[in-house]
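Here is what each chain is made of, one letter per residue.
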Amino acid sequence: MDTFNPEPDCCGCRFEQSAPAHHRRLVSLEAQPMTSLVELIEMAATWGEIEYGEAEPVIPPSEWIDFAEAHAWADGDRVFDALVALSSLVPRARTKAGAGPARMLVPV
C-alpha cells in the first residue's frame with residue numbers, strides 16, 4: 001500500500017516544474033487540510049482581483065482539477081472534491097459586452 005508523503009522529493013509533474021512552492025502547498029492539502037483550504041479559498045475567491053504570481057509562480061484555480069488528477073492521494077475523492085468546489089469559487093470572466101453577473105458552480 002502506498003503511503004502519502006506531503007513533500008515528495010520530486011514527482012516531476014508539469015505543475016512542480018512551473019510553480020514548485022505552490023505545488024508543495026497544494027500537495028499539503030491532504031496532510032494539512034485546514035491551513036491549505038483557507039489559503040485556497042482566499043485565492044479562489046479573489047483570483048480576478050489580485051495579481052498572483054508576482055513574487056513566485058502559482059497554479060491558477062482553473063488548473064486545480066488537472067493538478068488533482070496528476071497526483072496520487074491517500075483519499076483522492078476528498079481532495080478532488082475539495083479542489084473542484086474551491087475552483088468553482090472563481091468568478092467567470094465577464095465579456096466587454098456587459099454580460100450579467102458571473103455564475104458560480106455549487107457542488108451538490
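The coordinates are above.
As the structure is a computational prediction, the values presented were derived from the model and not from experiment.

Novice: Sorry if this is basic, but what is going on with the packing of helix 3 (residues 33-46) against helix 5 (residues 76-87) here?
Specialist: Packed helices, taken two at a time, are described by the angle their axes make and the gap between the axes. It is the contact of helix 3 with helix 5, at a shortest axis distance of 10 Å, that shows an interaxial angle of 25 degrees. Between helix 3 and helix 5, the angle falls in the class roughly parallel. Remark: the crossing between helix 3 and helix 5 carries right-handed chirality. In this structure, helix 3 contributes Pro 33, Leu 37, Leu 40, Ile 41 and Ala 44 to the contact, and helix 5 contributes Arg 78, Ala 82, Leu 83 and Leu 86.

Novice: Looking at this structure, how should I read helix 2 (residues 20-27)?
Specialist: The complete set of buried residues in helix 2 reads His 22, His 23, Leu 26 and Val 27. End-on view of helix 2: buried residues confined to an arc of 140 degrees, all on one side of the axis. Buried residues along helix 2 sit in contact with helix 1 (14-18), helix 3, helix 4 (64-69) and helix 5.

Novice: Would you mind going over the pattern of salt bridges with me for this structure?
Specialist: Pairing between side chains of opposite charge can happen when their charged atoms approach one another. Summed over all chains, the structure comprises five salt bridges. Two residues, Arg 14 and Glu 63, come together in a salt bridge whose shortest N-O distance is 3.1 Å. Linking Arg 14 in helix 1 with Glu 63 in the loop between helix 3 and helix 4, this pair joins segments that are 49 residues apart in sequence. Residues Arg 25 and Glu 39 are paired through a salt bridge, measuring 2.9 Å at the closest nitrogen-oxygen approach. With Arg 25 in helix 2 and Glu 39 in helix 3, this residue pair connects regions lying 14 residues apart in the sequence. With a relative accessible area of 31%, Arg 25 lands in the partly exposed category. Owing to a relative accessible area of 28%, Glu 39 belongs among the partly exposed residues under this scheme. Within the structure, one salt-bridge network assembled from shared partners comprises Arg 14, Glu 63 and Asp 66.

Novice: Which parts of the structure should I look at to understand the environment of Gly 48?
Specialist: On the secondary structure map, Gly 48 appears in the loop between helix 3 and helix 4. Taking relative accessible area as the criterion, Gly 48 reaches 71% and is therefore assigned exposed. Residues Gly 48 and Pro 91, 43 residues apart in the sequence, show an inter-C-alpha distance of 7.2 Å.

Cut-offs applied
- Residues numbered from 1 in each chain as written.
- Predicted model: local features only at pLDDT ≥ 70, side-chain atom pairs only at ≥ 80, totals over all residues.
- Heavy atoms only, no water.
- Axes fitted to C-alpha atoms, helices over the stretch in contact; angles between N-to-C directions.
- Helix = DSSP H or I, 4+ residues; strand = E, 2+ residues; numbered from the N terminus.
- Parallel < 35°, antiparallel > 145°, perpendicular 65-115°, else oblique.
- Left-handed = near helix turned anticlockwise from the far one by under 90°.
- Contact = heavy atoms within 4.5 Å.
- Buried < 20%, exposed > 50% of the residue type's maximum accessible area, 1.4 Å probe, protein only.
- Arc of directions from axis to C-beta.
- Salt bridge = Lys/Arg side-chain N within 4 Å of Asp/Glu carboxyl O.

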